[in-house]
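Here is how the chains run, residue by residue.
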Amino acid sequence: MNREKKIPLIRLSKRDGMESWKVWCIRAGSVLFALALGALVMGLAGANPVSAYGVMISGALGKKSAIRQTVKIAVPLLGCALAIAPCFKMRFWNIGAEGQITAGAIAASYFALFWAGRLPSPVLLTVMGLAGALAGGLWALIPAFFKARWNTNETLFTLMMNYIVIGVVRWLQGGPWEGRKGSQIIPQFDEAACLPRVLGVHCGWIIVLVLVVFMHVYMNHTKHGYEIAVIGDSVNTARYAGMNVGRVMMRTMFLSGAISGIVGFIVASGANNTLYDGVAGGVGFTSITVAWLSQLNAFAMVGISVLLAVLSKGAETLQTRMAVPTSISDIITGILLFCMLGCEFFINYKLIFRGAGKKEARHG
Amino acid sequence: MKKFLALLLSMILALSLAACGGGSGQPSGGGQSAEPQPSGGEPSGGEPSGSEAKTVKVGLICIGDENDQGYTYNFIRGKEAATEALAAKGINVDWAVKWNIGEDSGCEDANIDLADEGCDLIINNSFGFEPFMLKVAPDYPEIEFIACTNQASWGDSLENTHNAFANIYEGRYLAGVVAGMKLQQMIDEGTISADQAVIGYVGAFSFAEVISGFTSYFLGARSVCPSVTMKVQFVGSWSDATEEANAASALADMGCVMISQHSDNTTPATTAEAKGVYHTGYNNDMISVAPGASLIGTRIDWAPYFEYAIEAVANGESFDQDWCHGMDMNAVVMTDLNEAIAAPGTAEKLAEVEEQLRSGKLQVFDTSTFTIDGKALESAFALDTDGDFTPDSEEAVFDGAFHESYFQSAPYFALSIDGIEWLNSAFG
């Protein structure tokens, strides 16, 4: 009896090797559970949940123009998730993608604003893309260098770097690059500096799809990818194997920042046709969720980023058609993400209740 | 395995229960949300007045939401008043509103969305929305687009784009008169000396709209209190409650005995109250938050314009591409005068000056009332035609006055006149 009391009501134990069909059942279940919870929220907000979900889906995918907008939302999410995947694989917590996007956008905007008349459009766009990649990469290299050299905390470092570069954009907006005096708005780019449209959406979507393949190959079929995986598993093993951990870190962060920088170029040149302090718009953070949900699998990221884009576009439509505040759909998105990430816990661990413990013991 | 299946089954059961729960909640909730639309459409549709009822679907894109109690809230008041006025004319307005839209490609999407939803008219409420609206407008020539407070429509070669503003400088001038009378009263009573009559102005940015606003305010005050001077502090944000309060507080500490503002929050009013100085407001009646400080406020009333534009669309008529009216069409209104603290005779003086403004007898920017670097203003351009953001055509100074909002609705008075000290102009 006494011993029995000491056992807590619920215990956790690591689970290994669950059949994959069960895993997928749990995942599907968590999505359904999230949708049901979301329905409850919508009901409270005074909307019919069934038609609300219908409106969200038709709003995001029902029309050609809606699909285009959904794709436009998904592009930076996907691109940025690809960028942070190698860092996270290496267990280098880069939460500075927001700033790296912004740095890339600044560099691309410089050429868009001041070189538009001097270069033909394809050359200009290439230069803008390269400049974006370089700027994003260098911005990311700074915390990587400090981490490699003095083992600084990369989480805080990359986060703080975001605010600096966003501050730079604010200064540019109100200062040297400002259009109408006092407006705080940088003029729209020349047409030559805007990404051309393919199938109605700026061609950034092609760039990120190419990056998906690149990232898949890079992570799974190259020596670099292997080094990243080893460092992620154990830095000591990597050292023992003779890898220069600091060098790999800096190289990977540069690559990560460069891809973020390209995303910045795509957003500034393709979507906004201008630069402003919200150019990253939280993508750098949301894409962490995308990367995590897809378990750093490049192809899964396509699906997850589209899912999030559908939710966000659908929420907009929900607001216009049913007068549901967008914050409600933010709540639903939050519930969905929480459940999807949370279910991984139940895949990796099992709960043992006090009473059930005895049975387990008997079996075992 | 059995256990797992049992778990799965119970999960599904729980889920379906939850779904039913959501479902049973829906008839009442859904009924509530679904009802307003038909009820909004039916009664006037079934009105026995005989005239056929028209319905116009209007989209409104807002940078904030009505909780800001300032900029967007003012638009919503206009929207509601216009809806009512139009209903009386047999025109139903079916609104689709988008809140909290950023000045980026999200605004472009919002315009496309509303166009696809079948709106006949789409109103963009913020200055920075215009470039994104202009990307959508050419694709929907049958839909009318309005960019409030901006300025491209007179020259963008599109038939379906419109700009609108109000002559808010008239309201500012009147608020200035109220402030000036209070200051003169304080001088006459010996509370302050003549050179202590200093106004502190909290401005957002050194943007033409703001400069035009504080200059007209200052001229209004000086018309009744000749010794007044003004200090302007820019906060570098259209809406930052804390910074606005800090600026107001700093101005009061510098000896300003009257605070006014061109920013979205009520914190300058509450700060003025706490510092024991007076205040005149913008966008909203601020007497409720600062009963001992707030003398009066002025705001744009968007209802007359909305009514005008929507009625034109309903009747299939074209309407002005660049609309700007003031007191003449009640597009600029004064909030209630705080009689308890205003100088005696203010209401009468206000009515008198208002009448002079309406009749055109009084010009706010009368060039005989101000100087720039000691010289009278003889020439200033109004419009920028080559896109370099510097006005280069249309002489605004004629008939003895600078004609504000005459060539385009958006204000273009951006000169620094004597008597007003800019404490910082870092934001421009």
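Described in the following lines is the structure provided in the data block. Keep in mind that this is a model prediction, so the values were computed, not measured.

**Overview of the interface of chain B and chain A**
Stage number 1. At the interface, 41 residues of chain B touch 40 residues of chain A.
Stage number 2. Buried surface at the junction of chain B and chain A, summed over both partners, amounts to about 3,600 Å²; 54% is from carbon and sulfur atoms.
Stage number 3. At the junction of chain B and chain A, the tally comes to 6 salt bridges.
Stage number 4. At the junction of chain B with chain A, the criterion picks out 14 residue pairs in polar contact (both at pLDDT 80 or more).
Stage number 5. Listed by contribution, the elements that provide at least two residues to the side of chain B that touches chain A are α1 (2-34), β2 (91-98), α4 (105-116) and α5 (130-136) of chain B.
Stage number 6. Among the elements that take part in the side of chain B that touches chain A, α1 of chain B stands out by supplying 10 residues, more than any other.
Stage number 7. Classifying every residue of the side of chain B that touches chain A by side-chain character gives 20 nonpolar, 11 polar and 10 charged.

**So, the packing of helix α4 (residues 64-89) of chain A against helix α11 (residues 245-272) of chain A**
Residue and element names in this part refer to chain A.
Stage number 1. Across the interface, α4 lies against α11 with an axial gap of 8 Å and an inter-helix angle of 175 degrees. Taken together, α4 and α11 sit at an angle that is classed as roughly antiparallel. Residue-level inspection shows V75, P76, G79, C80, A83, I84, P86 and C87 of α4 in contact with α11, the latter providing T252, M253, S256, I259, S260, V263, I266 and V267.
Stage number 2. Each residue belonging to the contact of α4 with α11 can be placed in one class, and the counts come to 12 nonpolar, 4 polar and no charged.

**A few points about the sheet that holds β2 of chain B**
All names here are of chain B.
Stage number 1. Across the sheet, which stays open at both edges, the 6 strands sit in the order β2-β1-β3-β4-β5-β11 with parallel pairing between neighbours. Every interior strand has two partners, whereas the edge strands, β2 and β11 (322-325), have only one. Pairwise comparison of adjacent strand axes, ignoring direction, gives a mean angle of 20 degrees for this sheet.
Stage number 2. Contacts from helix α3 (residues 71-88) reach β1 (54-61), β2 and β4 (144-148) within the one sheet, and its direction differs from that of β2 by about 160 degrees.

**So, α11 of chain A**
Stage number 1. Between its terminal C-alpha atoms α11 of chain A stretches 39 Å, which fits the 40 Å expected from 28 residues at 1.5 Å a residue.
Stage number 2. With 24 of its 28 residues buried, α11 of chain A lies for the most part within the structure.

**Concerning the packing of aromatic side chains**
Residue and element names in this part refer to chain A.
Stage number 1. Using the criterion set out here, one finds 40 aromatic pairs over all chains in the structure.
Stage number 2. Consider the rings of F145 and F146, whose centres lie 5.8 Å apart with planes at 90 degrees: the pair is edge-to-face.
Stage number 3. On the basis of relative accessible area, F145 is assigned to the partly exposed category, the value being 33%.
Stage number 4. Since its relative accessible area comes to 30%, F146 is described here as partly exposed.
Stage number 5. Here the aromatic rings of F146 and W150 are separated by 5.4 Å at their centres, their planes lie at 50 degrees, and the arrangement is tilted. Placement of both F146 and W150 in helix α6 (residues 121-150) is noted, with a separation of 4 residues, approximately one turn of the helix.

Scoring rules and cut-offs
- Residues numbered from 1 in each chain as written.
- Chains lettered and ligands numbered in written order.
- Predicted model: local features only at pLDDT ≥ 70, side-chain atom pairs only at ≥ 80, totals over all residues.
- Heavy atoms only, no water.
- Contact = heavy atoms within 4.5 Å.
- Buried area = accessible area lost by both parts, 1.4 Å probe.
- Salt bridge = Lys/Arg side-chain N within 4 Å of Asp/Glu carboxyl O.
- Polar contact = N/O pair within 3.5 Å; in protein donor to acceptor, adjacent residues only side chain to side chain.
- Helix = DSSP H or I, 4+ residues; strand = E, 2+ residues; numbered from the N terminus.
- Nonpolar A, V, L, I, M, F, W, Y, C, P; charged D, E, K, R; others polar.
- Axes fitted to C-alpha atoms, helices over the stretch in contact; angles between N-to-C directions.
- Parallel < 35°, antiparallel > 145°, perpendicular 65-115°, else oblique.
- Pairing = 2+ DSSP bridges.
- Expected span 1.5 Å × (residues − 1).
- Buried < 20%, exposed > 50% of the residue type's maximum accessible area, 1.4 Å probe, protein only.
- Phe/Tyr/Trp six-rings, centres within 6.5 Å; stacked < 30°, edge-to-face > 60°.

Purely spatial values, then, with no claim about function.
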